[in-house]
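# Understanding the architecture of this molecule
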Amino acid sequence: MISKKFLKSSFIYTVIGALPLGSSIILLPFYTNFLSTSDFGLLAIYIGFTFLIQIAVNFGMDTYIGIHYIHTSNDQKKLKESLGTVIALLLISGLLFTLIFICIGDFSFKNIFTRGDINFYPFGFMSVLTAFFNSFFKTYSNLLINQQRPERFLWINLFNFILTIIISIIGIFLYPHTLIGPMWGRFLSGIGIFILALYFFLTEVGLHFKKDLLRDIFSFCMPI
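About the cut-offs
Residues numbered from 1 in each chain as written. Predicted model: local features only at pLDDT ≥ 70, side-chain atom pairs only at ≥ 80, totals over all residues. Heavy atoms only, no water. Helix = DSSP H or I, 4+ residues; strand = E, 2+ residues; numbered from the N terminus. Rg over C-alpha atoms; globule rule 2.2 N^0.38 Å. Buried < 20%, exposed > 50% of the residue type's maximum accessible area, 1.4 Å probe, protein only. Areas by Shrake-Rupley, 256 points an atom, 1.4 Å probe, with all protein chains shown as cover. Lys, Arg positive; Asp, Glu negative; His and termini not counted. Charge placed at Lys NZ, Arg CZ, Asp CG, Glu CD. Salt bridge = Lys/Arg side-chain N within 4 Å of Asp/Glu carboxyl O. Phe/Tyr/Trp six-rings, centres within 6.5 Å; stacked < 30°, edge-to-face > 60°. Core = buried A, V, L, I, M, F, W, Y, C linked by side-chain atoms within 4.5 Å. Contact = heavy atoms within 4.5 Å. pLDDT = per-residue confidence, 0-100.

When you go through the chain residue by residue, the secondary structure sums to 9 helices and 0 strands. Counting from the amino terminus, helix and strand elements in the chain follow one another as α-α-α-α-α-α-α-α-α. Relative to a compact globule of 224 residues, whose C-alpha radius of gyration would be 17 Å, the chain shows 19 Å and is just as compact. For the chain, the proportion of its 224 residues judged to be buried stands at 46%. Carbon and sulfur atoms provide 70% of the accessible area of the chain, an area that totals close to 12,200 Å². Side chains of the chain carry 15 positive and 10 negative charges; the gap between the two charge centres is 6 Å.

Here the focus is the pattern of salt bridges. According to the stated counting rule, one finds 5 salt bridges in the structure shown. One salt bridge connects Asp 62 with Lys 138, and the closest N-O pair in it is separated by 2.5 Å. Taken as a pair, Asp 62 in helix 4 (residues 61-72) and Lys 138 in helix 6 (residues 120-146) lie far apart in primary sequence, 76 residues in all. Here Arg 149 ties to Glu 204 by a salt bridge, and the two come within 3.2 Å at their closest N and O atoms. Pair noted here: Arg 149 is in the loop between helix 6 and helix 7 (150-174) and Glu 204 is in helix 8 (residues 180-204), with a separation of 55 residues, a long-range link. Note on Glu 204: relative accessible area 27%, which makes it partly exposed. Shared partners join several salt bridges into a network, and the residues in it are Arg 149, Arg 152 and Glu 204.

Below, the discussion takes up the packing of aromatic side chains. Any two aromatic rings considered together are summarised by their centre-to-centre distance and by the angle between their planes. Under the counting rule described, the total for this entry stands at 25 aromatic pairs. An angle of 70 degrees between the planes, with centres 6.0 Å apart, marks the rings of Tyr 46 and Phe 123 as edge-to-face. Residue Tyr 46 is found in helix 3 (residues 37-58), and its partner Phe 123 is found in helix 6; the two are separated by 77 residues along the sequence. Summarising the burial analysis for this pair, Tyr 46 and Phe 123 share the class buried. When the centroid spacing of 5.0 Å and the interplanar angle of 65 degrees are considered together, the rings of Phe 136 and Phe 194 count as edge-to-face. Here the residue Phe 136 occupies a position in helix 6, and Phe 194 occupies one in helix 8, the gap between them amounting to 58 residues. Look at Phe 136 and you get buried, because its relative accessible area is 0%.

Here we come to the nonpolar core. Most often, soluble globular proteins have nonpolar side chains that are buried together. Ranked by internal contacts, the top residues of the largest apolar core, which has 60 residues, are Tyr 46, Phe 136, Tyr 140, Leu 179 and Ile 217. The dominant element in this core, judged by the number of residues it contributes, is helix 6, at 13 residues. In this structure, Ile 217 is in contact with Met 61, Tyr 64, Thr 85, Val 86 and Leu 89, ignoring residues within four places of it in sequence.

With 97% of its residues at a pLDDT of 70 or more, the chain has an overall mean of 88. Summarising per-element confidence for the chain, the mean pLDDT is lowest in helix 1 (residues 4-15) (73) and highest in helix 8 (94).

The subject of this paragraph is the environment of Gly 41. With respect to the element layout, Gly 41 can be found in helix 3. In sequence terms Gly 41 and Phe 200 are 159 residues apart; their C-alpha atoms lie 36 Å from each other.

Written out as C-alpha cells, the structure reads:
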C-alpha cells in the first residue's frame, strides 16, 4: 500500500519542481503588457542562451550526484569526498565558462547577431552567471530528492519562485519597456539560490577534490 509520506513527497517533487515554469506563466502577462514585441523576443533569446550555458556548465553532474549518492550512501567518508568533488568541479566549471565568455562573449555576439540588437554586455554576461547559479542550485535540488528531504526541497524552491517573481515585477514597474526587470529578476534570484545551495553544500559536505573520481565523473556525464 502506498504511504501518505510517499504521496506527499511525490506531490512536492512534482509540483514544486515545476515552479520555474510556473513563474514564467505568472510573469507572462507583465511581459506582454510592459515589453515591446522586439524586447520580448530579445528576452526569449537571452533565456534560451541561459539554458544552453546551464547545460554546458552543469555537464550532467546534477544527474551524477544523485546516482552516486545512492551507490555510496553507506560509506559517509566516500560519499562526502565524491559529493565534495562534484561541488568543486561545478565551481571550477562556472568560473571557467565565466572567464571564457569574458574573453569571447562580446566578439561572439557581435558576429552572430550582426544587426546589433543583441549585446553581450550586460544581459548576455548576466545570462552566463545566471546559468552557473541555476546549474549549481539544480544540482543541490537533485541531491535533496535522492536524500528524501522534501521539506527543504519545498522551501528552497519556493524561495527561488517568490524571489524571481517579486524582483521581476518590481523591476518591470520601475523600468517599463526595458529588459531590466526580467533580467535582474532572474539574475538576483540566481544569486540568492546559489548562496543558499553553497551554504548547505559546504556545511553538510564540504569541498573535496579527488582526482581518482574525475574519470568516473567524465565517463558518466559525457553521454548525458
